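Chain by chain, the residues:
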Amino acid sequence: MARRLPKKDVVIIGLGWTGSLLAHELTDAGLEVVAIERGPWRDTSTDFSPTQDPDELRYGVRLDLFLRPAQETFTLRHNTGQNALPIRWPGAFIVGNGVGGAGVHWNGHTWRFLESDFVLKSHLSQRYGAGAMPEDMQVEDWGITYNDLEPYYDKFEYISGTSGRAGNIKGQLQPGGNPFEGPRSRGYPLPPLKDTAPTALFAKTANEMGYHAFPRPAGNASEAYVNPLGIAMGPCTYCGFCERFGCGNYSKASPQANVLPVLMRKSNFSVRTESEVLHINKDASGTRATGVTFVDTSGQEWEQPADIVLVCAYGLHNVRMMLLSGIGTPYDPKTGEGTVGRNYAYQSAGAAGLLFEGKRFNPFVGAGSLGQCIDDFNGDNFDHTGLGFFGGASITTSNYHGRPIASSANRAPGAPAWGSAWKKQVSSTYQNSSAVAGQGSVYSYRDKYLDLDPVYKDRYGRPLLRMTFDWHENEKKMTRFIAQKCAEIGKAMGAKHVTPRSIPDHFNVVPYQSTHNTGGAIMGSDPKRSAVNRYLQSWDVHNVFVVGASAFPQNAGYNPTGTVGALALMAADAIRNEYLKNPGPLVQA
């Protein structure tokens, strides 16, 4: 029997980037807010102290900061003709656990999507014809434009202390920036990170080839900084331990470094950690949420009543929570009807591994988002006529870590994989290896979706989320094209060995690839084709907002965090200034 708690104005499921941003904005509006977080409390001074040496085995290999399959996992199949099986160890993607969520362990890539990404279906149809896209491709417009989101991109970049060089300020192209980006209202709050030898070599080579190199926007502070909330960040020390690690210097953007120091001092905010929300509760009509039910570590169930429910967990968990709570109609790939679970997508990769001779790249001197990029082959920045695919990738040479265990995988083609000869090879390649890597788009298809597994359940008896996903020919062709472009740049950089790599014939859940899972509760302007409206408000239950990459109708050739942060701030603005005045649908169906 669940015990009932005092009612709050807002209950938030998950306290990562989106949860902390929304909590800050809504407590500023005077609302009583409680966040319920499945994982433990994490704080910079106690959990990521700079006096504690980074432990690659603990964090990088054994994944100390990440969700364990015993807590929650997923099942996977390539198509509807297969039986899905559980993912029993984090592989292709690794999901954060605890306060801060993925904001703790990310590298800090802080991108804005391209203008055309937000109107992709319309854009491709107008440029190439409506019949040019594969019949089963199910891309959508977002229901918003880049210009709608630009003020919130700007706000997130200034809250998180983003380092970079603007390429387009109010329509004026800026030297050394990204000429393909949409116009921004002002430059980044901090200058770009300092280049290292491989990133400088890439930029020089790419520019000589006629491309347009620019520093990758980074959630790693290039200088000391105080954000608009009054929170101070320290300058990045280029330690090379961003990915899979917390930052002890307050240099990497995170909820802990940029929001929580202010949020946790507010009397109208509270958080319950190590408490898992089981489902969202609804009234008898099924059109209004009344709060959530969660369970604590003792097994006691609690009911938390609230006027507004914000679903701010990881994107995959957001979709599962909607399905478990009966909010929205589950997607049916046979009929194409239903919205929850629709348009699941991922991130693709085309790259070239590089081995040089006589270099001293010092890979241990790095930062999570330190890199030089080109966007000449991203999105629809290049003509796709006759190529046989759509989409593209941001192409980068980065210097983000030199971790010994991870770096031991770098070796020349045909080199031994074990023994004394392998050890000699590792010592030789450590200083001489680099890469040119493309992070590519993945578009949505009718047969790739999320639903509840009919067989496998979690420790509370709830169905696991089932993923039906495999690579399509469009992404295979695109990543082969990108890998070839990467190889051309690598050869021009002077690498002795260049090894192109693209996605395989079938998706493999075992090797790590990317924790950029998107879709399943997508936004849009048509309630028959989207689960939430432009403000991330459920079409079916108006006081439920679903915030995260689950809202992406398809994935672009960038990391999602900058766009997720901007969407969260846009939703917060709509709740504060529109919904609270007149609770109900913000967009009429």
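All values reported here derive from a predicted model rather than from experimental measurement. Per chain, residues are indexed from 1 in the order of the written sequence. Residue-level local features of this predicted model are given only where pLDDT is at least 70; pairs of side-chain atoms are given and counted only at 80 or more, and the full residue set underlies all totals for whole chains, interfaces and linings. Hydrogens are left out, water is left out, and the side-chain values use all remaining heavy atoms of the structure.

Asks: Can you help me understand the overall build of the protein in this one?
Replies: Within the protein, the regular secondary structure consists of 14 helices and 24 strands. By its C-alpha atoms, the protein is 70 × 60 × 50 Å across when sized along the principal axes. Any residue under 20% of the maximum accessible area for its type is buried, any over 50% is exposed, and the rest in between are partly exposed; the area is computed with a 1.4 Å probe on protein chains only. Residue burial in the protein is summarised as follows: out of 589 residues, 61% are buried. A fraction of 76% describes how many contacts in the protein between residues 6 or more apart in sequence connect residues 24 or more apart. Note on areas: Shrake-Rupley with a 1.4 Å probe; residue coverage comes only from the protein chains shown. In the structure as shown, the protein presents an accessible area of about 22,100 Å², 50% of it carried by carbon and sulfur atoms. Of the side chains in the protein, 56 bear a positive and 54 a negative charge, and the two mean positions are spaced by 4 Å. Runs of E in the DSSP output that reach at least two residues are strands. Runs of H or I that reach at least four are helices, and both are numbered from the N terminus. The contact criterion used throughout is that any non-hydrogen atoms of two residues lie within 4.5 Å. Positive charge is attributed to Lys and Arg, negative charge to Asp and Glu, and no charge count is given to His or to the chain ends. Each charge is placed at NZ for Lys, CZ for Arg, CG for Asp and CD for Glu.

Asks: Even after reading the chapter, I still don't get the side chain of E276, so can you show me in this structure?
Replies: Within the fold, E276 resides in strand 12 (residues 276–282). A residue is classified by how much of its surface remains accessible, and E276, at 5% relative accessible area, is buried. Pairing of N or O atoms within 3.5 Å defines a polar contact, subject to two protein rules: one partner must be a possible hydrogen donor and the other a possible acceptor, and residues neighboring in sequence count only if both atoms are side-chain atoms. At a separation of 3.0 Å, a polar atom in the side chain of E276 contacts the side chain of R459. With near-sequence residues (within four places) excluded, E276 lies in contact with R38, E72, T293, F294, V295, R459, Y460 and R462.

Asks: Got a minute to help me understand the layout of surface pockets in this structure?
Replies: Gaps left between atoms show up when a probe the size of a water molecule is rolled over them. Of the volumes computed, that of the second largest pocket is approximately 370 Å³. For the second largest pocket, the lining is made up of 25 residues, of which P54, C239, F241, G246 and G248 are closest to its centre. When residue character is reported, Ala, Val, Leu, Ile, Met, Phe, Trp, Tyr, Cys and Pro are called nonpolar, Asp, Glu, Lys and Arg charged, and the others, Gly included, polar. Looking at side-chain class alone, the lining of the second largest pocket contains twelve nonpolar, ten polar and three charged residues. Space inside and on the surface of the protein is sampled on a 1 Å grid over the protein atoms alone, with a cavity defined as a set of points where a 1.4 Å probe fits but cannot get out and a pocket as an open set with protein on both sides within 12 Å along at least 5 of 7 lines; lining residues have an atom within 4 Å of a point. Grid points are joined across faces, edges and corners, and a volume is the space filled by probe spheres set on the points.

Asks: Can you walk me through the side chain of N533 in this structure?
Replies: Mapped onto the secondary structure, N533 falls in the loop between strand 23 (518–520) and strand 24 (544–546). From its side chain, N533 meets the backbone nitrogen of Y535 in a polar contact 2.9 Å long.

Asks: What exactly am I supposed to notice about the UniProt feature "domain: Glucose-methanol-choline oxidoreductase N-terminal" (unreviewed entry) in the protein here?
Replies: UniProt positions are given in the numbering used here, feature names are shortened, and annotations may be inferred rather than shown by experiment. As recorded in UniProt, the sites labelled "domain: Glucose-methanol-choline oxidoreductase N-terminal" (unreviewed entry) are residues 234–344. Between the end C-alpha atoms of residues 234–344 the distance is 37 Å, and the span holds 17% helix and 29% strand.

Asks: Is there a simple way to explain empty space enclosed by the protein in this structure?
Replies: Taken as a whole and judged by the stated rule, the model has six cavities of 30 Å³ or more. Considered as a void within the structure, the largest cavity measures approximately 130 Å³ in volume. Lining the largest cavity are 15 residues, with L67, T73, F74, P90 and F93 sitting closest to its centre. Taken together, the residues that form the lining of the largest cavity break down as eleven nonpolar, two polar and two charged. By volume, the second largest cavity is sized at about 90 Å³. Around the second largest cavity, the lining comprises 13 residues; the ones closest to its centre are W111, N178, E181, Y188 and P217. Of the residues in the lining of the second largest cavity, the class split is six nonpolar, two polar and five charged.

Asks: How should the packing of aromatic side chains be read in this particular structure?
Replies: Each aromatic ring pair is summarised here by two numbers: the centre-to-centre distance and the angle between the ring planes. Aromatic contacts are taken between Phe, Tyr and Trp rings whose centres are within 6.5 Å, Trp giving its six-membered ring; a plane angle under 30 degrees counts as stacked, one over 60 as edge-to-face, and the others as tilted. Using the criterion set out here, one finds 32 aromatic pairs in the structure. Between F113 and F552 the ring centres are 5.4 Å apart and the planes differ by 75°, which places this aromatic pair in the edge-to-face class. Linking F113 in the loop between helix 4 (102–105) and helix 5 (120–128) with F552 in the loop between strand 24 and helix 14 (561–579), this pair joins segments that are 439 residues apart in sequence. Site record: aromatic cluster; members linked through ring pairs are F74, F93, Y344, Y346, F469, W471 and F507. Comment: the charge-over-ring label is applied if NZ (Lys) or CZ (Arg) is within 6 Å of the ring centre and within 35 degrees of the ring normal. When the ring centre of Y158 is taken as origin, the NZ or CZ atom of R186, which lies over that ring, is 3.5 Å away. Positioned above the aromatic ring of W302, the side-chain terminus of R272 is 5.8 Å from the ring centre.

Asks: Honestly, the packing of helix 6 (residues 146–160) against helix 14 in this entry has me stumped. Any pointers?
Replies: Two numbers describe a pair of packed helices, the interaxial angle and the distance between the axes. Helix 14 packs onto helix 6 with a crossing angle of 110° between their chain directions and a minimal axis gap of 8 Å. If you check the angle between helix 6 and helix 14, you find them roughly perpendicular. Contacts from D148, L149, Y152, Y153, K155, F156 and I159 of helix 6 reach helix 14 at T561, G562, T563, G565, A566, L567, L569, M570 and D573. Its residues placed into classes, the contact of helix 6 with helix 14 shows nine nonpolar, four polar and three charged. The convention used is that axes are lines fitted to C-alpha atoms, helices contributing only their stretch in contact, and that angles between N-to-C directions extend from 0 to 180 degrees. Any angle that falls under 35 degrees is termed roughly parallel, while one over 145 is termed roughly antiparallel, one within 65 to 115 roughly perpendicular, and all others oblique.

Asks: Honestly, the packing of helix 1 (residues 17–28) against helix 14 in this entry has me stumped. Any pointers?
Replies: Running from N to C, helix 1 and helix 14 point in directions that differ by 25°, and their axes come no closer than 9 Å. The angle between the axes of helix 1 and helix 14 places the two elements in the roughly parallel class. Of the two elements, helix 1 crosses helix 14, and the hand of that crossing is right-handed. On the side of helix 1, the interface is formed by W17, T18, L21, L22, E25, L26 and D28, while helix 14 contributes T561, V564, G565, A568, L569, A571, A572, I575 and R576. Its residues assigned to classes, the contact of helix 1 with helix 14 shows ten nonpolar, three polar and three charged. A crossing counts as left-handed when the near helix is turned anticlockwise from the far one by less than a right angle, and as right-handed when that turn is clockwise.

Asks: Mind showing me how you'd approach the sheet that holds strand 20 (residues 449–457) here?
Replies: The pairing of strands in a sheet happens through backbone hydrogen bonds and is either parallel or antiparallel. Strand order across the open sheet formed by four strands is 5-4-21-20, with mixed pairing between neighbours. Looking at strand neighbours, the two that pair on one side only are strand 5 (85–86) and strand 20, the edges of this open sheet. Across two bridges, the pairing between strand 4 (residues 74–77) and strand 5 is antiparallel. Along strand 5, the bridge assignment pairs L76 with L85. Two strands form a pair only when DSSP identifies at least two bridges running between them.

Asks: Would you take a moment to explain the pairing of strand 2 (residues 8–13) for this structure?
Replies: For a regular strand, the rule is simple: side chains alternate between the two faces of the sheet. Pairing analysis gives five bridges linking strand 2 to strand 14 (residues 301–311), with the strands arranged parallel. Within strand 14, the residue paired with V10 across the bridge is I308. As judged from the four bridges shared by strand 2 and strand 3 (residues 33–36), these two strands associate in the parallel manner. Within strand 3, the position partnered with V11 by the bridge is V34. What joins strand 2 to strand 3 is helix 1, and the crossover it makes is right-handed. With strands facing away from the observer, any crossover in which the path from the first strand over the helix to the second runs clockwise is taken as right-handed.

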